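Structural overview for review
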Amino acid sequence: HRPGRFRLWWTQMDPDRRRGGFFLAGWVVIGILAAGGAVIGMQTLQRRVVGQRYAGPGGAATVRVARVPTWMPASLAKYVTEMITPQRASLSDPDLARKVYDLARHNPLVRQANRVEVRPSAKGPGGVVEVDLEFRQPFARIRSGADHLYVDKEGFCLPAGLVPMYVLSLQDNQTRAVRQVCYQALGEVPEAWRSAARPIHYVTIDGVQKSPPPPGWKWPATDLDAGLKLIELISTKPYYAQITVVDVRNHAGRISRNEPELRMYAQVGTGRPTDIRFGRFPKPGSDWVVSPQRRMWYLDDYAANHNGMLAGINSYLELQYDNLHVSLN
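Residues numbered from 1 in each chain as written. Predicted model: local features only at pLDDT ≥ 70, side-chain atom pairs only at ≥ 80, totals over all residues. Heavy atoms only, no water.

Concerning helix α3 (residues 74-83)
Looking at α3, one finds that the buried residues are Leu 76, Ala 77, Val 80 and Thr 81. Across the axial projection of α3, the buried residues extend over an arc of 140°, all falling on one side. Exposed and facing more than 90 degrees away from the buried side of α3 are Ala 74 and Lys 78. (Buried < 20%, exposed > 50% of the residue type's maximum accessible area, 1.4 Å probe, protein only. Helix = DSSP H or I, 4+ residues; strand = E, 2+ residues; numbered from the N terminus. Arc of directions from axis to C-beta.)

What follows is the structure, encoded as structure tokens:
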């Protein structure tokens with residue numbers, strides 16, 4: 001009995017090479033299983049989100065967003081609802097929930113679809129498709145050439161013109177509780193309250209090198225990520241509204257190694273801006289730079305000693321050293 005060619009080739013192979021073959025084959029099998037698991041996992045997730053197919057009475061279906069966040073204008077919520085409503089939506093369509101889910105999942109304003117549920121009307125034909133969504137909230141404005149674009153905290157681009165721009169604070173006469181209502185444009189604010197509406201504050205990030213992606217896609221730019229990280233650090237501070245620009249043009253020292261990688265500018269109205277020299281974030285592992293927490297403490301202490309102001313007092317604040325340095329003016 002003569003062994004087969006493959007068996008003869010395998011037994012004569014160098015032992016180290018044979019072990020490498022076992023190792024490679026193992027990883028190929030793991031890769032196939034992982035890919036199959038991912039497909040099955042996505043299908044399971046979709047089934048869990050959209051629930052069971054509805055097989056009751058037919059009739060027209062109305063899509064309704066279960067929870068509209070307080071920052072979202074009514075006009076924007078209406079737009080999203082229209083965009084995730086299938087044409088000729090009917091409860092007689094057994095795939096209605098899945099169609100709504102797919103439209104929501106691909107909407108650039110939607111971060112995640114958590115639940116899609118078909119609810120027939122108790123009074124007759126038709127019903128409601130209730131959708132529980134998480135939205136991408138505008139967080140920063142990006143200067144891109146002559147235009148301004150908006151992104152969320154994760155750096156995902158948002159559609160132009162679909163951003164809340166004004167906010168109105170309203171107080172309940174009985175409970176004295178204050179609620180805020182947002183609008184896309186000043187013209188949406190009721191005329192009687194229009195003078196009380198104020199622009200929503202978005203910090204501008206200046207100097208992002210890469211061109212923007214389409215709406216709904218993440219902007220893959222490390223300089224943008226650093227700018228968003230810096231804005232998040234100051235977003236809870238009482239002086240946040242004074243920060244107008246985060247300058248990332250020198251990110252990674254691409255213009256000058258001797259200049260701060262990140263800067264902020266504080267300004268009130270048309271007053272003199274103050275250059276806040278932040279520097280760079282520490283690299284993973286041990287790093288010699290002053291911690292971001294300490295640099296924020298410099299700003300907190302400076303504001304506490306200047307009636308809450310950062311802008312217009314000194315021409316610059318230097319945060320990169322063991323002590324706060326300020327201009328001599």
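Observations concerning the pattern of salt bridges
Overall, the coordinates contain 24 salt bridges when judged by the stated rule. Put simply, Asp 206 and Arg 143 hold a salt bridge, and the shortest N to O gap is 3.0 Å. In this pair, Asp 206 is assigned in strand β9 (residues 204-206) and Arg 143 in strand β4 (residues 140-144), connecting sequence segments 63 residues apart. Look at Asp 206 and you get buried, because its relative accessible area is 18%. According to the relative accessible area criterion, Arg 143 is partly exposed, its value standing at 33%. In this structure, Asp 247 engages Arg 249 in a salt bridge whose closest nitrogen and oxygen atoms are separated by 2.6 Å. Looking at Arg 249, the relative accessible area reads 44%, which means it is partly exposed. (Salt bridge = Lys/Arg side-chain N within 4 Å of Asp/Glu carboxyl O.)

Regarding the sheet that holds strand β3 (residues 127-135)
Strand-to-strand pairing in sheets goes through backbone hydrogen bonds, with the strands running parallel or antiparallel. The mixed open sheet is built from three strands, whose spatial order is β1-β3-β2. Each edge of the open sheet is held by one strand with a lone partner, namely β1 (61-65) and β2 (110-120). On average, adjacent strands in this sheet sit at an angle of 20° to one another, irrespective of strand direction. Along the sheet, helix α4 (residues 96-105) makes contact with β1, β2 and β3, crossing β2 at roughly 160°. (Pairing = 2+ DSSP bridges. Axes fitted to C-alpha atoms, helices over the stretch in contact; angles between N-to-C directions. Contact = heavy atoms within 4.5 Å.)

As for the environment of Gly 126
For Gly 126, the position within the fold is in the loop between β2 and β3. A sequence separation of 37 residues divides Gly 126 from Ala 89, and the C-alpha atoms of the two residues are 9.7 Å apart.

Brief notes about the layout of surface pockets
When its volume is computed, the largest pocket comes out at roughly 550 Å³. Elements supplying a minimum of two residues to the lining of the largest pocket: β7 (178-183) and β8 (198-199). In the lining of the largest pocket, the residues fall into eleven nonpolar, six polar and six charged. If you add up the space inside the second largest pocket, you get close to 350 Å³. Considering the residues around the second largest pocket, the lining is formed by 17 residues, among which Arg 257, Glu 259, Pro 260, Trp 288 and Gln 320 are closest to the centre. (1 Å grid on protein atoms, 1.4 Å probe; cavity = no way out; pocket = protein on both sides within 12 Å on 5 of 7 lines; lining within 4 Å. Points joined across faces, edges and corners; volume = space filled by probe spheres on them. Nonpolar A, V, L, I, M, F, W, Y, C, P; charged D, E, K, R; others polar.)

Considerations on the sheet that holds β4
The strand order across the open sheet formed by eight strands is β5-β4-β9-β10-β11-β12-β13-β14, and the pairing between neighbours is mixed. Two strands close off the open sheet at either side, each with one partner strand: β5 (147-151) and β14 (325-326). In this structure, β4 lies alongside β5, joined through five bridges in antiparallel fashion. The residue bridging Ser 144 from the neighbouring strand is Asp 147, located in β5. Where helix α6 (residues 292-304) meets the sheet, it contacts β11 (262-266), β12 (274-279), β13 (316-318) and β14, and its direction lies at approximately 160° from that of β12.

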